[in-house]
Amino acid sequence: VWLDLCACGGVAAATCRVRKPLLALALRRCGFEATPGGIAVEVSRGGDDSVHLHAPDLPPKRAARFAERFSAGERASQRLEFGGGSRGGRRVALAVAYAPPPAAPPCVLRLRAGD
């Protein structure tokens, strides 16, 4: 809906810090690119329709604490599951902004993460 509204209004969609893995996947599918920084994660289907996250580039000690970056409310509302290693999911970046595709109009509408 958000992308349609931006298209109808003639503005380019852009984001601030994205912390939702499924939103990050959708943005990537629409041609958005993550800005530098953030955390590279692998997103795959977990048990009971949850979303499994794996951060393959983090050192073991930081990877063990990766889930702590998400509040209990975020983990519950997004049905996030951590641990267990790689499951061959798609890679996206979290905790970064996503820039619109190069062909987007020059006027940019900013959306706060979580909206």
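Further up the page is the structure itself.
What this report covers is the structure whose coordinates are included nearby. This one's a predicted model, so the numbers in the text were calculated from it and none came from an experiment. (Residues numbered from 1 in each chain as written. Predicted model: local features only at pLDDT ≥ 70, side-chain atom pairs only at ≥ 80, totals over all residues. Heavy atoms only, no water.)

## Re the overall build of the protein chain
(1) Moving on: A tally of helices and strands in the protein chain yields four helices and eight strands.
(2) Moving on: In the protein chain, the succession of helices and strands from N to C terminus is α-β-α-β-β-β-α-α-β-β-β-β.
(3) Moving on: Relative to its full complement of 115 residues, the protein chain shows a buried share of 30%.
(4) Moving on: Approximately 7100 Å² of the protein chain is accessible, and the part contributed by carbon and sulfur atoms is 56%. (Helix = DSSP H or I, 4+ residues; strand = E, 2+ residues; numbered from the N terminus. Buried < 20%, exposed > 50% of the residue type's maximum accessible area, 1.4 Å probe, protein only. Areas by Shrake-Rupley, 256 points an atom, 1.4 Å probe, with all protein chains shown as cover.)

## Topic: the environment of alanine 55
(1) Moving on: By secondary structure assignment, the location of alanine 55 is in the loop between strand E4 (51-54) and helix H3 (60-64).
(2) Moving on: For the pair alanine 55 and isoleucine 39, spaced 16 residues apart in sequence, the C-alpha to C-alpha distance is 7.3 Å.
(3) Moving on: Sequence-distant contacts of alanine 55, defined by excluding residues within four places in its chain, comprise Ile39, Ala40, Val41, Ala63 and Phe66. (Contact = heavy atoms within 4.5 Å.)

## Some points on the side chain of serine 44
(1) Moving on: For serine 44, the location among the structural elements is in strand E3 (residues 39-45).
(2) Moving on: Look past the residues within four positions of serine 44 in its chain and what remains in contact with it is Ser50, Val51, His52, Arg87 and Gly89.

## Examining the sheet that holds strand E5 (residues 80-82)
(1) Moving on: The strand order E5-E4-E3-E6 describes an open sheet built from four strands, whose pairing is mixed. Every other strand in the sheet has two partners, leaving E5 and strand E6 (90-94) as the edge strands with one partner each. Mean inter-strand twist for the sheet, computed between neighbouring axes without regard to direction, equals 40°.
(2) Moving on: Sheet topology places E3 next to E4; four bridges connect them, and they run antiparallel. In the sheet register, arginine 45 faces E4, and the bridge partner there is valine 51.
(3) Moving on: Along the sheet, helix H2 (residues 21-29) contacts E3, E4, E5 and E6; its crossing angle with E6, the most-contacted strand, is approximately 110°. (Pairing = 2+ DSSP bridges. Axes fitted to C-alpha atoms, helices over the stretch in contact; angles between N-to-C directions.)

## Focus on the nonpolar core
(1) Moving on: By size, the foremost hydrophobic cluster in this structure holds 22 residues, and its most contacted members are Val41, Val43, Leu53, Phe66, Val92, Leu94 and Tyr98.
(2) Moving on: Looking at this core, the elements that each hand over two or more residues are H2, E3, E4 and E6.
(3) Moving on: Residues within four places of valine 92 in sequence aside, it is in contact with Pro21, Ala24, Leu25, Arg28, Ile39, Ala40, Val41, Val43 and Tyr98. (Core = buried A, V, L, I, M, F, W, Y, C linked by side-chain atoms within 4.5 Å.)

## Quick look at the pattern of salt bridges
(1) Moving on: Considering all chains together, one arrives at five salt bridges under this definition.
(2) Moving on: When the shortest N-O distance is used, the salt bridge between arginine 91 and aspartate 57 registers 2.6 Å. You can see arginine 91 sitting in strand E6 and its partner aspartate 57 sitting in the loop between E4 and H3, a full 34 residues away along the chain.
(3) Moving on: We classify arginine 91 as partly exposed; its relative accessible area is 44%.
(4) Moving on: In this structure aspartate 57 comes out as exposed when scored by relative accessible area, which is 54%.
(5) Moving on: Its salt-bridge partner being glutamate 81, residue arginine 87 comes within 3.0 Å of it at the nearest N-O pair. (Salt bridge = Lys/Arg side-chain N within 4 Å of Asp/Glu carboxyl O.)

Note that all results are geometric; they support no functional claim without further evidence.
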